[in-house]
Amino acid sequence: MRARILSGLVPFLGLVLLWMLLWGQFTWLALITGVLLAGLVSITFYLPAVRLSGRLNPWYGLVFLVRLLVDIVRASLQIAWIALKPHYRPSNAIFAVPLRTRSDLVMVFTAEAIALVPGSIVLDIDRDTATLYLHALNVQSAEDVPALRKAVLATERRLILAAGSADDLERLRTGATVAGELAAEAARAAAAGEPGSGRASEPGGGSASASGEDSGTDSGTDSEGART
Amino acid sequence: MNPIDFSFGDDGFDLRDAVTAVLVLLAALMCFAAGVGLVRFPDVLSRLHAATKPQILGLIAIVADVAVTNLSVGTVTLAVAIIFFQGLTAPAAAHMTGRAAFRTDHFREDILVVDELTSRPDADRRS
Amino acid sequence: MIVIVVIAGILMAGGALGALWRIVKGPSALDRIIASDVLVATAMCAIGAEMAINRHTDNLPVLLGLALFGIVGSVSVARFISSRDET
């Protein structure tokens, strides 16, 4: 309930703050017109509410912002150097990063942030499995990809620590990904739903039991999080 | 008169001028790098990198300089709003353009060392 | 100061020319929209640099407008292109 009220209130207050920023003055007139306009905007341009987690850690938020600034400077200088250096040999990569968050907001902010940090642009997002597909510049060999993937996951980690839900934090702790959980769930459902049918053959059932063991705790916390 | 006065020019070149000079030159260099990157990079996806990132730094440098040299509430809030919106819209625009480029095959596959999007398991290239 | 103005002007002009070359030459419409984004960003930097050097803040609202609406062009072209599988 608290999260629901917060989810409606935060965008509203954000709009009011934006209005006052645009006028560059913090006066009663700006506040009142801002509240009126924010109400008008949120009624006429109705958007489905973003589910906020209801928690915000200011310290990790600050860490995220400072690190983002450092990364922007580094990325800009790096791209500038790649563009200007004498012998440029093009070599890029497109790779997938399975994320650990289910929140749309954290996913979007991760995507925005990593478009600004060294060498990556989001090409596609698979929202169901929370997987980002990134394009990276100047990747000389396939061995460089794990390092890039680790950098992206570190960005997501900072965001989850700053504003992720308890569910996401749990997944962060155990190191499970949403895509892995979904696959395990699907395999388990297939194995449990139709045990004798021809489709659930031996390798499918075997992998379901194997992956069900190591991610059993994760899916337990996940269904708990969905209920609350 | 400023307390710190370098004054190594005939037109009163002080610390504020020095800061402005450094930041403006940095921004100009970033703009130049973006232009060169646009010309040199081989495909749309590479050019997107050149188009998105250097400008952010250039703009942050310039706007921070303007805000610092004319320090007031109105200037700083406006500067924050400018950087916030540029930082929010530039990646979104890059993402839209990149996705369109990928789906319409406007990229060179021969310079990719890894490609996990074309070969992903449920490879339905929704058009 | 005049030296710095000249150097910055040359660099920015170089960047703008690069973008312009890509707009003229660009094999696809996506190249052209990216290049015009760069042109807008270079213009923003130039407007800001003029403000910084001449010590005034009159054009900050212009920068805000450009930052807000710079996205519209590229997003609409990108949507149009991805729905119509052509160059």
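Scroll up for the structure.
Notes on the structure in this doc start here. (Residues numbered from 1 in each chain as written. Chains lettered and ligands numbered in written order. Predicted model: local features only at pLDDT ≥ 70, side-chain atom pairs only at ≥ 80, totals over all residues. Heavy atoms only, no water.)

1. Describing the overall build of chain A
For step 1, the next point in the chain: Looking only at helices and strands, chain A features nine helices and three strands.
For step 2, the next point in the chain: Taken from the N to the C terminus, the helices and strands of chain A come in the order α-α-α-β-α-β-β-α-α-α-α-α.
For step 3, the next point in the chain: Each of the 228 residues in chain A was classed as buried or not, and the buried ones make up 37%.
For step 4, the next point in the chain: Here the contacts in chain A between residues at least 6 apart in sequence split such that 70% fall between residues at least 24 apart. (Helix = DSSP H or I, 4+ residues; strand = E, 2+ residues; numbered from the N terminus. Buried < 20%, exposed > 50% of the residue type's maximum accessible area, 1.4 Å probe, protein only. Contact = heavy atoms within 4.5 Å.)

2. Some remarks on the overall build of chain C
For step 1, the next point in the chain: Summing up its helical and strand segments, chain C has three helices and zero strands in all.
For step 2, the next point in the chain: Shown N-terminal to C-terminal, the secondary structure of chain C runs as helices and strands in the order α-α-α.
For step 3, the next point in the chain: Taking all 87 residues of chain C together, 38% fall into the buried category.
For step 4, the next point in the chain: Here the contacts in chain C between residues at least 6 apart in sequence split such that 38% fall between residues at least 24 apart.
For step 5, the next point in the chain: For chain C, the exposed surface amounts to about 4200 Å²; the carbon and sulfur share of it is 70%. (Areas by Shrake-Rupley, 256 points an atom, 1.4 Å probe, with all protein chains shown as cover.)

3. Some words on helix 5 (residues 145-163) of chain A
For step 1, the next point in the chain: Taking 1.5 Å per residue, 19 residues should reach 27 Å; helix 5 of chain A reaches 27 Å between its end C-alpha atoms and fits that length.
For step 2, the next point in the chain: Val-145, Val-152, Thr-155, Glu-156, Arg-158, Leu-159, Ile-160, Leu-161 and Ala-162 of chain A are the residues of helix 5 of chain A that are buried.
For step 3, the next point in the chain: Structurally, helix 5 of chain A contributes buried residues whose contacts are with helix 3 (58-84), strand 1 (92-98), helix 4 (104-116), strand 3 (131-136) and helix 6 (166-174) of chain A together with strand 1 (112-115) of chain B. (Expected span 1.5 Å × (residues − 1).)

4. Focus: the interface of chain B and chain C
For step 1, the next point in the chain: Each side of the interface is counted separately: chain B has 48 residues, and chain C has 49 residues.
For step 2, the next point in the chain: For the pair chain B and chain C, the two sides together bury roughly 4100 Å², of which 78% comes from carbon and sulfur.
For step 3, the next point in the chain: Residue Asp-31 of chain C pairs with Arg-47 of chain B through a salt bridge whose shortest N-O separation is 2.1 Å.
For step 4, the next point in the chain: If you look at where chain B meets chain C, you find five residue pairs in polar contact (both at pLDDT 80 or more).
For step 5, the next point in the chain: Looking at the side of chain B that touches chain C, the elements that each hand over two or more residues are helix 1 (15-40), helix 2 (44-69) and helix 3 (73-103) of chain B.
For step 6, the next point in the chain: When the residues that make up the side of chain B that touches chain C are grouped by side-chain class, the tally is 28 nonpolar, 13 polar and seven charged. (Buried area = accessible area lost by both parts, 1.4 Å probe. Salt bridge = Lys/Arg side-chain N within 4 Å of Asp/Glu carboxyl O. Polar contact = N/O pair within 3.5 Å; in protein donor to acceptor, adjacent residues only side chain to side chain. Nonpolar A, V, L, I, M, F, W, Y, C, P; charged D, E, K, R; others polar.)

5. Some words on the nonpolar core
For step 1, the next point in the chain: Within the largest apolar cluster, 31 residues are counted, with the highest numbers of intra-cluster contacts made by Ile-114 and Leu-134 of chain A.
For step 2, the next point in the chain: Residue assignment for this core shows that the elements contributing at least two residues are helix 3, strand 1, helix 4, strand 3 and helix 5 of chain A together with helix 2 of chain B.
For step 3, the next point in the chain: Looking at this core, the element that brings in the most residues is helix 4 of chain A, giving six residues.
For step 4, the next point in the chain: The residues contacting Ile-114 of chain A, other than those within four sequence positions of it, are Ser-120, Val-122, Leu-132, Leu-134, Val-152 and Thr-155 of chain A.
For step 5, the next point in the chain: If you look at the next biggest cluster of nonpolar residues, it comprises 27 residues, including Ile-121 of chain A, Met-96 of chain B together with Ala-19 and Ala-35 of chain C. (Core = buried A, V, L, I, M, F, W, Y, C linked by side-chain atoms within 4.5 Å.)

6. A look at the pattern of salt bridges
Oppositely charged side chains can form a pair if their charged atoms are brought close together.
For step 1, the next point in the chain: Inspection of the entire model under this criterion finds six salt bridges over all chains.
For step 2, the next point in the chain: In the salt-bridge network here, residues are joined through shared partners; they are Arg-67, Asp-71 and Arg-74 of chain A.

7. A short note on the pairing of strand 2 (residues 121-126) of chain A
All names here are of chain A.
For step 1, the next point in the chain: Burial of strand 2 is extensive: five of the six residues sit out of reach of the surface.
For step 2, the next point in the chain: Both strand 2 and strand 3 contribute to a ladder of five bridges, which runs antiparallel. Counterpart to Val-122 in the pairing with strand 3 is Leu-134.
For step 3, the next point in the chain: Hairpin connection between strand 2 and strand 3: a loop of four residues separates the two successive antiparallel strands, and Ala-130 in this loop has a positive phi of roughly 55°. (Pairing = 2+ DSSP bridges.)

8. Regarding the environment of Ala-81 of chain B
For step 1, the next point in the chain: Position of Ala-81 of chain B relative to the elements: it lies in helix 3.
For step 2, the next point in the chain: Among residues more than four places away in sequence, those in contact with Ala-81 of chain B are Leu-22 of chain A together with Leu-64 of chain C.

9. Looking at unusual backbone geometry
For step 1, the next point in the chain: One non-glycine residue, Arg-55 of chain C, lies in positive phi territory at about 60°.
For step 2, the next point in the chain: Tracing the chain through its elements places Arg-55 of chain C in the loop between helix 2 (29-54) and helix 3 (60-83).

10. Here we look at the pairing of strand 3 of chain A
Residues and elements named next belong to chain A.
For step 1, the next point in the chain: Counting buried residues in strand 3 gives six out of six residues, a clear majority hidden from the surface.
For step 2, the next point in the chain: Burial along strand 3 is two-sided: Thr-131, Tyr-133 and His-135 and Leu-132, Leu-134 and Ala-136, pointing in opposite directions, are all buried.
For step 3, the next point in the chain: Where strand 1 and strand 3 come together, six bridges link them in antiparallel fashion. Across the sheet, residue Pro-98 finds its bridge partner in strand 3, namely Thr-131.

11. Let's talk about the side chain of Asn-92 of chain A
For step 1, the next point in the chain: Among the secondary structure elements, Asn-92 of chain A is positioned in strand 1.
For step 2, the next point in the chain: In this structure the side chain of Asn-92 of chain A is engaged in a polar contact, spanning 2.9 Å, whose partner is the side chain of Ser-46 of chain B.
For step 3, the next point in the chain: Dropping the residues within four chain positions of it, Asn-92 of chain A is found in contact with His-135, Ala-136, Leu-137, Asn-138 and Val-139 of chain A together with Asp-43, Ser-46, Ile-111, Leu-112, Val-113 and Val-114 of chain B.

12. Topic: the sheet that holds strand 1 of chain A
Within a sheet, adjacent strands bond to each other through the backbone by hydrogen bonds, running parallel or antiparallel.
For step 1, the next point in the chain: Spatial strand order, 2(A)-3(A)-1(A)-1(B): four strands in an open sheet with mixed pairing. The sheet terminates laterally at strand 2 of chain A together with strand 1 of chain B, the two strands that pair on one side only. This sheet shows a mean twist of 20° between the axes of neighbouring strands, independent of strand direction.
For step 2, the next point in the chain: One ladder, built from three bridges, connects strand 1 of chain A with strand 1 of chain B; its direction is parallel. By the bridge assignment, Asn-92 of chain A is partnered in strand 1 of chain B with Leu-112 of chain B.
For step 3, the next point in the chain: Contacts from helix 3 of chain B reach strand 1 and strand 2 of chain A within the one sheet, and its direction differs from that of strand 2 of chain A by about 75°. (Axes fitted to C-alpha atoms, helices over the stretch in contact; angles between N-to-C directions.)

Structural measurements only, silent on function.
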